[in-house]
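Spelled out, the chains give:
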Amino acid sequence: MVNIIFEDSFEGFLSALFYAFNNDIKNPLFLKAQKPSLFKTIKVELDENIITIAKGFLEEEIIELFYDCFCFDEEKAFSDVYKSFLFYMKNKHLKDIHKDFIRNLTYYRKSVNRERHKYIGFLRFHKLDNVLYARFEPRHFVIDYLGEFFKRRYQEENFIIHDLKRKKAAIYYEKRFSIEDFDKELNVEKDQYQELWKAFFEAVTIKERTNKRLQNHYVPHYFRKHMTEFDN
Amino acid sequence: MDVEQKLRILADGAKYDVSCASSGGVRETVDGGIGNSYAPGVCHTFTSDGRCVSLLKVLFTNVCIFDCEYCINRASNNIKRASFTPRELADITINFYKRNYIEGLFLSSGIAKSPDHTMELMLKTVKILREEYKFNGYIHLKLIPGASKELIEEASKLADRVSSNIELPTEKSLKLLAPDKNKDNVLKPLMFVKNLRDNSEKSIASASTQLIVGATDEPDYQILRLASYFYEKKILKRMYYSAYIPVPNTKHIKVDKTPLLREHRLYQADWLIRFYDFKYEEIVEKDSNLDLELDPKTAFALKNIHLYPVDVNKASYEELIKVPGIGRKNAMKIIQARAFKTLEDIDLVKLGISIKKAKHFIVAKRYLGYSLSPEYIRKAIIKGESKGHSYTQLKLW
Ligand code: SF4
């Protein structure tokens, strides 16, 4: 077994896929950060042209699929992508649903998409001086997707979408967008509109039809920690 | 009165379905339907009764000079009244939007002073939002029955969606329960919008309406015929059905509440009419109601058992979507998958298609589990469904 450490970005990951393929490495394990290990470890540098290179071998659709699976952000997903990549290089398609590693890709993508979609609704911003600030702890890497989404929505604002778990943030400041390492937690204060929102949330509930199970189904508890209307 | 108190009263007044001061997408319950079949498609939270909150749904005022019997805000009802100012409401909306609490505003209102007076206040709110605050989120405006053509046209230019509730399927019922309304003043706003849309290059809001189901005795047949008419003439984009919920002290309404299941079946039938090319006469018998025990597609299949079983390896797309339990998306999946191999029932499961219902109506390689006995299928499906029903999953604006 060989550990392959890649730079933590999709380009970094793609670089590692091609590196492993070109060097015919058996049973590679793809890792984002270096963990102590008994196995041989290779660190792959980011190739600046990797997207162009990848486009030469893979259809756009496939790159997008790999990207979504990369966002799943687990080692198992990385390795299934690699196996699918090998399969694709040989067969030029990924339609064989009888292969576990190919079927899994659909699962990763679904899970990532579901979380992205949920957070489009569930993310909460706080108004700081000249910036809207959201913090949360997503299971997957979704801040790039959310950043792009809110860039369109809040064109005239500045915002920070902070992934506390990965210590990264999507930052949109004076119309410039970037993903950055972000380790400080900003201070947020209560404001009037949070109170109004809670009042609204209460008022629209039809008490005679309380159905907490259904509510839990739609807003599982792990989302609620950063949602204004739920008491934490 | 402070803003928080107003918000409580005017959100509360808008949450019940029945009143012109509410609704439109309020209780969408299409199963197997596409999640975002109501316009803004994103849920920002769920209330403890399990409904999706997507819009700031409020009344501008719950003061009303009309006296519709089915409505909690009617003039003769003794409740606490409140009104926003346009500025107050615009500020709440934009600040909620920036914190990502909502997709936009769903604004309706009781009728204070006069229809035009009320409509003007609502428009003022929307103008502050659109012009001053550069708000580009979603806006649904309720058109006030009896408001002038100019105001209604202005509303349909500023909003994404407008609606005017027909409330009741016949003029007779309207006269009985909503003496201040008539076919003319509830339909006119919708006709103004349609005419404007037909004669304008600019984007004009789409229109919807709501019917109260069960307060009067019109059967589903009459309701679906009306809906089909509106869809055919392209007057409406959506029709919403709202099971009647009792309000205190009614004179003419004799029923208790209407079962939500009836509303649910109407949505399913409506869905089949809009997206599956069914005609209303095919799914509901003259002067009667939909089958409460079965979804309308299954009911159709049982009445037309000679059209089944459908061979999943040969059938056309049109035939596939007539199979209960197979929707448009799944029909496409089947057609794609069978290009690679002849499908067995287990392949359908692998494709993520639930064959609980479909199994009675299809053949596949090595699979001949279909039935030709409508009675048998009916029993089997009803038994299967009695566990864990989902029609009470309500979606709210
Ligand atoms: S017009 Fe009728 S339905 Fe509308 S708010 Fe007034 S009483 Fe209610």
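For clarity, every value in this text was computed on a predicted model and none was experimentally measured.

Asker: Could you clarify how one ought to interpret the overall build of chain B in this entry?
Answerer: From N to C terminus, chain B includes 14 helices and 10 strands. In summary, chain B has a C-alpha radius of gyration of 23 Å against a globular reference of 21 Å for 397 residues, a match within 12%. Relative to its full complement of 397 residues, chain B shows a buried share of 58%. Long-range contacts, defined as pairs at least 24 residues apart, comprise 69% of the intrachain contacts of chain B with a sequence gap of at least 6. Accessible area of chain B: about 16,500 Å², with a carbon and sulfur share of 51%.

Asker: So what exactly am I meant to see when it comes to the sheet that holds strand E5 (residues 132-136) of chain A here?
Answerer: All names here are of chain A. Across the sheet, 5 strands lie side by side as E4-E5-E6-E7-E8; this open sheet has mixed pairing. With partners counted over all chains shown, the strands left at the sheet margins are strand E4 (125-127) and strand E8 (176-181), one partner each. Direction aside, the axes of adjacent strands within the sheet are offset by 20° on average. One ladder, built from 6 bridges, connects strand E7 (residues 168-173) with E8; its direction is antiparallel. By the bridge assignment for E8, Ala170 is matched with Ile179.

Asker: Mind showing me how you'd approach the packing of helix H3 (residues 60-72) of chain A against helix H4 (residues 75-91) of chain A here?
Answerer: Packed helices, taken two at a time, are described by their axes: the angle between them and the distance between them. Residue and element names in this part refer to chain A. For the pair H3 and H4, the least separation of the axes is 8 Å and the interaxial angle reads 160°. By the angle between their directions, the pair H3 and H4 is classed as roughly antiparallel. Crossing angle aside, the handedness with which H3 passes H4 is left-handed. Two secondary-structure elements touch here, H3 through Ile62, Phe66, Cys69, Phe70 and Phe72 and H4 through Ala77, Phe78, Val81, Ser84, Phe85 and Tyr88. Among the residues forming the contact of H3 with H4, the class breakdown is 10 nonpolar, 1 polar and no charged.

Asker: When you look at the interface of chain A and chain B in this model, what are you seeing that I'm missing?
Answerer: Size of an interface: often given as the accessible area lost when the parts come together. With 43 residues of chain A in contact, the opposing surface of chain B contributes 45 residues. Taking both sides of the interface into account, the surface hidden between chain A and chain B amounts to around 4,000 Å²; carbon and sulfur atoms contribute 59%. Taken together, chain A and chain B are joined by 4 salt bridges. Its salt-bridge partner being Asp191 of chain A, residue Arg99 of chain B comes within 2.5 Å of it at the nearest N-O pair. The interface formed by chain A and chain B contains 20 residue pairs in polar contact (both at pLDDT 80 or more). Only helix H5 (100-122), E4, helix H6 (143-153), helix H7 (192-203) and helix H8 (212-218) of chain A provide two or more residues apiece to the side of chain A that touches chain B.

Asker: Looking at this model, I keep getting lost on the environment of Asp270 of chain B. Mind explaining?
Answerer: Residues and elements named next belong to chain B. Along the chain, the position of Asp270 falls in helix H8 (residues 260-275). On the accessibility criterion, Asp270 (0% relative accessible area) is buried. A C-alpha to C-alpha distance of 9.2 Å links Asp270 and Tyr240, two positions 30 residues apart in sequence. Each residue touching Asp270, except ones within four places of it in the same chain, is listed here: Leu224, Ala227, Tyr231, Arg238, Met239 and Tyr241.

Asker: Which parts of the structure should I look at to understand H5 of chain A?
Answerer: Helical periodicity: at 3.6 residues per turn, an α-helix aligns residues three or four positions apart in one direction. Taking 1.5 Å as the rise per residue, H5 of chain A with 23 residues should run 33 Å; its terminal C-alpha atoms sit 32 Å apart, in good agreement. Turning to H5 of chain A, its buried residues are Phe101, Ile102, Leu105, Tyr108, Ser111, Val112, Glu115, Arg116, Tyr119, Ile120, Gly121 and Phe122 of chain A.

Asker: Would you explain the pattern of salt bridges in this entry?
Answerer: Here the structure, examined in full by the defined rule, presents 40 salt bridges over all chains. Where Asp100 of chain A meets Arg103 of chain A, a salt bridge forms, and the shortest distance between an N and an O atom there is 3.1 Å. Taken together, the positions of Asp100 of chain A and Arg103 of chain A, both in helix H5 and 3 residues apart, correspond to about one turn of that helix. Look at Asp100 of chain A and you get partly exposed, because its relative accessible area is 49%. Arg103 of chain A sits in the partly exposed class, given a relative accessible area of 35%. Across the pair Lys194 of chain B and Asp198 of chain B runs a salt bridge, and its minimum N-O distance is 3.0 Å. Note that Lys194 of chain B and Asp198 of chain B are positioned in helix H6 (residues 183-198) at a spacing of 4 residues, about one turn of the helix. Lys194 of chain B gets classed as buried once you look at its relative accessible area, which sits at 16%. Take Asp198 of chain B: its relative accessible area is 48%, and that puts it in the partly exposed class. Taken together, the salt bridges that share partners define one network made up of Asp8, Lys32, Asp73, Asp163, Arg166, Lys168 and Asp181 of chain A.

Calculation criteria
Along every chain, residues carry numbers that run from 1 in the direction the sequence is written. A letter from A marks each chain and a number from 1 marks each ligand, given out in the order of writing. At least 70 in pLDDT is required for a residue's local features to be given in this predicted model, at least 80 for side-chain atom pairs to be given and counted, and no such filter applies to totals for whole chains, interfaces and linings, which use all residues. Think of the side-chain values as coming from all heavy atoms in the structure, minus any hydrogens and water. Going along the chain from the N terminus, every DSSP run of H or I of four or more residues is numbered as a helix, and every run of E of two or more is numbered as a strand. C-alpha atoms define the radius of gyration in this analysis, and the globule rule sets the expected value at 2.2 Å times the number of residues to the power 0.38. Exposure classes here rest on a 1.4 Å probe applied to the protein chains alone. A residue is buried below 20% of its type maximum, exposed above 50%, and partly exposed in between. By definition in these notes, contact holds between two residues if any of their heavy atoms fall within 4.5 Å. For every accessible area listed, the method is Shrake-Rupley and the probe measures 1.4 Å; residues are considered covered only by the protein chains on display. By this definition, two strands are paired if DSSP reports at least two bridges between them. Only the stretch in contact is used when fitting a helix axis, every axis being a line fitted to C-alpha atoms; angles between N-to-C directions are given from 0 to 180 degrees. By definition in this entry, angles of less than 35 degrees are roughly parallel, angles greater than 145 are roughly antiparallel, angles of 65 to 115 are roughly perpendicular, and the rest are oblique. Whether a crossing is left-handed or right-handed is set by the direction in which the near helix is turned from the far one by less than a right angle, anticlockwise for left-handed and clockwise for right-handed. Amino acids outside the nonpolar list (Ala, Val, Leu, Ile, Met, Phe, Trp, Tyr, Cys, Pro) and the charged list (Asp, Glu, Lys, Arg) are all regarded as polar, and Gly is one of them. Accessible-area loss on putting two parts together, using a 1.4 Å probe and summing over both, is the definition of buried area adopted here. Think of a salt bridge as a Lys or Arg side-chain nitrogen and an Asp or Glu carboxyl oxygen that are within 4 Å of each other. Any pair of nitrogen or oxygen atoms within 3.5 Å is treated as a polar contact; in protein, a donor-acceptor pairing is required on top of that, and neighbouring residues in sequence qualify only through side-chain atoms on both sides. A helix is expected to span 1.5 Å multiplied by its residue count minus one.

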